[in-house]
Amino acid sequence: MLSIKHLVQQYVPGKPVLRDISLDIEGADITAIIGPSGTGKSTLIRCINRLVEPTSGAILFEGRDMVKLSGSELRQARSRIGMVFQEYNLVERLSVMENLLTGCLGKTPAWKALLRKFEPEDIRGAWEMLEVVGLTGFANARADSLSGGQRQRVGISRAVMQHPALLLADEPTSSLDPKTSVEIMELLTRVATSKNIPVIINMHDVELAKRFANRIIGMAGGTVVYDGPPSGLDDDILKQIYGGESWLH
Amino acid sequence: MSASTARPFHTTPLARLGWLALALYLLWAMSSLDFNLARFIIGLDNGAKFIARMFPPNFERWDLLVKGLTESLQMAFLASFLGTLISLPLGLLAARNLLPRVITWPVRIVIIGCRSFHPVIVAIICVKAVGFGALAGIIALTVASVGFVGKLFTEAIEEISMKQIEAVRATGASFMNVVIFGVMPQVMFRFIGFAAYETDANLRNSTMVGIVGAGGIGGTLFAAFQRFDYDYVFAIVLSIIALIMVGEVLQIWLKKVFRQ
């Protein structure tokens, strides 16, 4: 489904953020990427949909190499990958409904977007999605009037509106309180299971990752140092990922 | 020096030298331009005669006055509308956070060019180009509007949140769709403010370009001056003040309507 081969990314030549990453994502797994700040988790996830340009390597997605795509082919491939952000990244001055329909922009011509003429089935899908995330009454509310948890639910809905084959989530719970974090993780996994698509989630919270993911990737210094089930994540490996040990107990 | 007596603020010798240079320059300018009190007092006498001749304001030729004012008003609105309409795409094309330098630089030069000259100077050129009348004035004010609104609009776009743009791009949206759903919602409310402000500026400028023959009340004002019809001049001046005040009220009302 998604196959990353020898991915290298460097913003500054000679200082690679990602050093030769290779990963395969199959089926409908929830994959959590953990690791210290600045180790390239966000860069990795943004390379997959080319929000960040990889320096070398290949990213095979649905049989095509994302790294080689450009123009409308890239946008078409991008529309098949939903993305959820740490700070939700909703368009603040648009309504909740408009933010959901933003997920359909990949296939909407500009004049229709300008006149807000979306396909009836997409509008129906948006209403259904609002019901799934419990925001039916908020369709016309402006995005900036919502609470953090509500915003993230809109963010997830927007990604689902793309009918994605893959979901990416960049620290989706880092700006939320513990209870809301769990609710958001439950929603993400529920959506992924019902759509039968894989999810890749960057996380800070190791416990939350263990609880929801069925595969953990530990990163340190721009490389993968652990790739396996949550049960295999012991203190030695955590030490290897984060360094030091005083924080563990 | 002990810590307690150390001076808390710092002036460099260079800054003091700068102030001294400024003071010297101003003194020299005053002496070389014959700018002194005696000259001013002689002038005051003349000014008193002038003001005395302005009273009472003479509204006898009100038809000419209304015609000029109407023309000024039409010029101001047309130029503001055209100017902001042209500024929309130009301002976008000049935004460095959305487009590469090869596109933004030529567009920025066009906008800077529009802003380089006072509307009256542009009006002189337009009168030479298309002849006397309102058309020249409208073109001149439009050029000024593009220079002003285009720059403000570019700056507004360069201040938007790129996180929101990133999210819209991530959905596979085309550049135009990113503009429609990511950029415009973030700047349109400010654009309405710029347009209102520019209309206000054009109202004032439209009363002036007439002096060089580009239509509007300015022509009437200039003619009255040259014929020493100071009471009529005063009537025109009062009317212009009234017009600007109406514009001010309109602007407040407009902002209320579009308040977000």
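Here goes a summary of the coordinates provided. Please read these numbers as outputs of a predicted model, since none were measured by experiment.

1. Digging into the sheet that holds strand β8 (residues 199-203) of chain A
Residues and elements named next belong to chain A.
Then, in step 1: The sheet built from six strands is open, its strands ordered β6-β7-β8-β3-β9-β10 with mixed pairing. Bordering the open sheet on either side are β6 (81-84) and β10 (223-228), each of which pairs with just one other strand. When the angles between neighbouring strand axes are averaged without regard to direction, this sheet yields 20°.
Then, in step 2: Across five bridges, strand β9 (residues 215-220) lies against β10 in antiparallel orientation. Looking at β10, one finds that Ile 216 is bridged to Gly 228.

2. Thoughts on the sheet that holds strand β5 (residues 64-65) of chain A
Sheet strands associate in pairs through backbone hydrogen bonding, adopting either a parallel or an antiparallel arrangement.
Residue and element names in this part refer to chain A.
Then, in step 1: The strand order across the open sheet built from four strands is β2-β1-β4-β5, with neighbouring strands paired in antiparallel fashion. Where the open sheet ends on each side, the last strands, each with one partner, are β2 (18-25) and β5.
Then, in step 2: Pairing between strand β1 (residues 2-9) and β2: five bridges, direction antiparallel. Bridge pairing in β2 places Ser 3 opposite Asp 24.

3. Points about the nonpolar core
Then, in step 1: In terms of nonpolar packing, the biggest core is built from 118 residues, with A:Ala32, A:Ile33, A:Leu168, A:Leu188, B:Ala123 and B:Ala140 touching the most fellow members.
Then, in step 2: The leading source of residues in this core is helix α6 (residues 134-158) of chain B, at 14 residues.
Then, in step 3: If we ignore the near neighbours within four places in the chain, the residues touching B:Ala123 are B:Ala136, B:Gly137, B:Ala140, B:Val209, B:Val212 and B:Ala214.
Then, in step 4: Core analysis: the second largest hydrophobic core is formed by 10 residues, B:Leu65, B:Ile217, B:Tyr232 and B:Val233 among them.

4. Topic: the environment of B:Gly219
Residue and element names in this part refer to chain B.
Then, in step 1: Tracing the backbone shows Gly 219 in helix α9 (residues 217-226).
Then, in step 2: Sequence spacing of Gly 219 and Ser 31 is 188 residues, and the spatial spacing of their C-alpha atoms is 36 Å.
Then, in step 3: When residues no more than four places from it in sequence are discounted, the contact partners of Gly 219 are Gly 68, Gly 210 and Gly 213.

Definitions and limits used
Residues numbered from 1 in each chain as written. Chains lettered and ligands numbered in written order. Predicted model: local features only at pLDDT ≥ 70, side-chain atom pairs only at ≥ 80, totals over all residues. Pairing = 2+ DSSP bridges. Helix = DSSP H or I, 4+ residues; strand = E, 2+ residues; numbered from the N terminus. Axes fitted to C-alpha atoms, helices over the stretch in contact; angles between N-to-C directions. Core = buried A, V, L, I, M, F, W, Y, C linked by C-beta atoms within 7 Å. Buried ≥ 20, exposed ≤ 12 C-beta atoms within 10 Å, placed from the backbone. Contact = placed C-beta atoms within 7 Å.

None of this, on its own, says anything about what the molecule does.
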